[in-house]
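Now for the letters of each chain:
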Amino acid sequence: MTTSRTIARNTSWLLLATTAQKFLAFIAFTAAARIVGPDVTGEYFFAVAITSTFVVIADLGLTPVVIRAIARDDGRGKRLLGAALALKAGLIPLAVISAIVFAVFREASPAVFYTLLIMVLVMSADSLHLLYYGVLRGKQKLRFEALGMFVGQIFTTIAAVSAAVLGFGAPGLAFALFVASLWNLGWAWSRVQREDIGSVRPTIADFKSVARQAVPFALAGIFVKVYSYLDTMVIEAYHGLSAVGNYAVAYKVTYAFQFIPLVFIAALYPAMSCEFAKKDEESLRRVFAGAIRIMIIIAAPIAAGLSAIAPRLIPILYDVQFLGVVMPLTILPWVLLPIFIDFPVGSLLNATNRAHLKTTAMGAAMAVNAILNVLLVPSYGPVGAAWAAVGSFSFLLLAGLSFVWRELPSVSWFAWLLARSVIVGALIWFAVRIVGAPMPFALMILFGAAIGITALLVFRLLTFADIKAIYRWLHSRVRPGDPQKEQLHA
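Residues numbered from 1 in each chain as written. Predicted model: local features only at pLDDT ≥ 70, side-chain atom pairs only at ≥ 80, totals over all residues. Heavy atoms only, no water.

### Observations regarding the overall build of the chain
1) Next: What the chain contains, in helices and strands, is 16 helices and 0 strands.
2) Next: Looking at the chain residue by residue over its 490 residues, the buried ones come to 56%.
3) Next: For the chain, long-range pairs separated by at least 24 residues make up 83% of all intrachain contacts whose partners lie at least 6 apart in sequence.
4) Next: Put simply, the chain shows about 20000 Å² of open surface, and 70% of that area lies on carbon and sulfur atoms. (Helix = DSSP H or I, 4+ residues; strand = E, 2+ residues; numbered from the N terminus. Buried < 20%, exposed > 50% of the residue type's maximum accessible area, 1.4 Å probe, protein only. Contact = heavy atoms within 4.5 Å. Areas by Shrake-Rupley, 256 points an atom, 1.4 Å probe, with all protein chains shown as cover.)

Written out as structure tokens, the structure reads:
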């Protein structure tokens, strides 16, 4: 099976399941937040931010090392998996203690502290099941992860809405996550055993190897967590938990769409690693250019549309108690454009043994994000955090591109592609926000979608050949004898 067909098959599996999962997650969060209000939402999200920051200690870059090793050499990958599991036995307790100490140092409220105690259990289970899912990704068996995450989200949705209705507050919402984490841990472990890709007893050399390879990934993980959740910490310090609750809604609504590049990269990263191991540079370049183009086609309309409908969307979904979300949600969705494009860039660097360059870019972006948050959040609150996110992620993309520009068809190719996407985004935003303002909400959405598709076709970001290819992806109609038409044109 060709690389492009493998990517298409794996992406289709994970795309369908993850779309359903994220839809359920959005319903659960929206319903729970609407019931409990900004204050309880802020308590929950602050506890999540703490554990999501310290979870990096529990992994320290081990998962991507295992994915890459499994994709390249099954035998060595199993030994590195064994080393990673042994290391996690010490790293997970360290992460738990660190999160609790931080909460005590911050003098967290009782509700936040009790929520945190549950979230450290979630963090521990997640650290393990993500490693096992990483093994399955390395073997490009993404259907197991797709099913497991979807079923886990069903558990979370039922438990979260029930906890909100019954008045269990932030700890109840955290327990809903714990239910899903336990399920995913059991499911992922059982699939790894069933597929006979479990761990093998590692040697001292394996421990040294996994530790050495994990360093750039670990640093990158630390940088990501800091600039992903620093804004929440600063908002809580200057504006309180209610402001955190408002920002949480804007954050959740925006990053709900991040599953799209995550799904694509879940299939793309192992494939890139495999092509690099085979020294097929032409195939690697073709896949990379195609991935960037796909990300731009998807990101520009989503960012523009979500930003434009913010004033109408928030009162419908969250009621007037969350009107403080409107302004940050008008700004924050624009982070999706640099985030989507950066995913193929990061995957290429990681797959070609240049993870240290990605780490360098992330470290610089973390510094930019910290500076912008410190400058903007005290005065502007969630709005300042939204601008800080847009600025820092744009910087991250530019830094990453500086390391991979030789793999692009040309710099002018990328610049013209990006310029057209910005024009398309501006047209969609103007059409929805200004022209569509008097329309009923549903009609405004349809109007915006029609304008978006038309603009993509007019500016040749999207072609009719692409539409046919997407149709085949989603309906799984690629046959072994078919030409390789499933790859979107680079």
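### Quick look at the packing of aromatic side chains
1) Next: If you walk through the whole model with that rule in mind, you get 9 aromatic pairs.
2) Next: For the pair Tyr318 and Phe322, a centre-to-centre distance of 5.6 Å together with 65 degrees between the ring planes defines the contact as edge-to-face. The residues Tyr318 and Phe322 share a single accessibility class, namely buried.
3) Next: An aromatic cluster of at least three residues, connected via ring pairs, comprises Phe45, Tyr229, Tyr247, Tyr251 and Tyr255.
4) Next: Over the aromatic face of Trp187 sits the side chain of Arg191, whose NZ or CZ is 4.7 Å from the ring centroid.
5) Next: Sitting above the plane of the Phe29 ring, Lys252 keeps its charged end 5.7 Å from the centroid. (Phe/Tyr/Trp six-rings, centres within 6.5 Å; stacked < 30°, edge-to-face > 60°. Lys NZ or Arg CZ within 6 Å of the ring centre and 35° of its normal.)

### Thoughts on the pattern of salt bridges
1) Next: Summed over all chains, the structure comprises 5 salt bridges.
2) Next: Between Asp59 and Lys88 there is a salt bridge, and its shortest N-O distance comes to 3.1 Å. In this pair, Asp59 is assigned in helix α1 (residues 3-59) and Lys88 in helix α3 (residues 74-105), connecting sequence segments 29 residues apart. In terms of burial, Asp59 and Lys88 fall into one category: buried.
3) Next: Measuring nitrogen to oxygen at the nearest pair gives 2.8 Å for the salt bridge that ties Glu145 to Arg137. (Salt bridge = Lys/Arg side-chain N within 4 Å of Asp/Glu carboxyl O.)

### Here we look at helix α9 (residues 281-318)
1) Next: Along α9, the helix axis deviates most sharply at Ala310, where the bend reaches about 65 degrees; the proline Pro311 sits within four residues downstream.
2) Next: Downstream of α9 by one or two residues, Asp319 has phi in the positive range, about 75 degrees. (Bend = angle between axes of the 7 residues up to and from the residue.)

### Notes on the environment of Ala180
1) Next: Position of Ala180 among the secondary structure elements: in helix α6 (residues 169-194).
2) Next: As a C-alpha pair, Ala180 and Val151 span 29 residues in sequence and 8.0 Å in three-dimensional space.
3) Next: Sequence-distant contacts of Ala180, defined by excluding residues within four places in its chain, comprise Gly152 and Thr156.

### Digging into a nonpolar patch on the surface
1) Next: Residues Ile35, Val165, Leu166 and Phe168 make up a contiguous nonpolar surface patch of about 420 Å² in total accessible area.
2) Next: Along the chain, the position of Phe168 falls in the loop between α5 (142-165) and α6. (Patch = residues over 30% accessible without salt bridge, like charges linked within 9 Å, V, L, I, M, F, W, Y side chains within 5 Å.)

### Comments concerning the packing of helix α2 (residues 62-72) against helix α4 (residues 110-138)
For any two helices packed against each other, one specifies the crossing angle of their axes together with the interaxial distance.
1) Next: Following both chains from N to C, one finds α2 and α4 inclined at 25 degrees, their axes separated by 7 Å at the closest point. On the basis of the axis angle, α2 is roughly parallel to α4. As for how α2 packs across α4, the hand of that crossing is right-handed. When α2 is examined against α4, the residues Thr63, Val66, Ile67, Ile70 and Ala71 are found in contact with a partner set consisting of Leu130, Leu131, Gly134, Val135, Arg137 and Gly138.
2) Next: Residues that form the contact of α2 with α4 fall into these classes: 7 nonpolar, 3 polar and 1 charged. (Axes fitted to C-alpha atoms, helices over the stretch in contact; angles between N-to-C directions. Parallel < 35°, antiparallel > 145°, perpendicular 65-115°, else oblique. Left-handed = near helix turned anticlockwise from the far one by under 90°. Nonpolar A, V, L, I, M, F, W, Y, C, P; charged D, E, K, R; others polar.)

### Some details on helix α14 (residues 411-435)
1) Next: Over its 25 residues, α14 runs 35 Å from end to end, which matches the ideal 36 Å to within 8%, given 1.5 Å per residue.
2) Next: If you check which residues of α14 are buried, you get Trp413, Phe414, Leu417, Arg420, Ser421, Val424, Gly425, Ile428, Ala431 and Val432.
3) Next: On its buried side, α14 packs onto α9, α11 (336-351), α13 (382-404) and α15 (441-458). (Expected span 1.5 Å × (residues − 1).)

### Considering the packing of helix α7 (residues 204-255) against α13
1) Next: The geometry of α7 relative to α13 is characterised by a closest axis approach of 9 Å and an angle of 65 degrees between their N-to-C directions. The orientation of α7 with respect to α13, classified from their angle, is roughly perpendicular. Classified by chirality, the crossing of α13 by α7 is right-handed. Facing α7, whose interface residues are Tyr227, Asp231, Ile235, Ala243, Tyr247 and Tyr255, α13 presents Pro382, Ala385, Ala386, Ala389, Phe393 and Leu396.

### Some thoughts on the side chain of His129
1) Next: Checked against the element boundaries, His129 lands in helix α4.
2) Next: Judged by its relative accessible area of 3%, His129 falls in the buried class.
3) Next: Beyond its immediate chain neighbours, meaning those up to four positions away, His129 contacts Met149, Ser181, Asn184, Leu185 and Ala188.

### Quick word on unusual backbone geometry
1) Next: Phi is positive for Leu60, which is not a glycine, with a value near 50 degrees.
2) Next: Within the secondary structure, Leu60 is located in the loop between α1 and α2.
3) Next: Among the residues examined, Leu60 registers a relative accessible area of 30% and is labelled partly exposed.
4) Next: Even without glycine at this site, Asp319 takes up a positive phi of about 75 degrees.
5) Next: The topology assignment puts Asp319 in the loop between α9 and α10 (326-331).

Take it as geometry only, folks, not as evidence of what the structure does.
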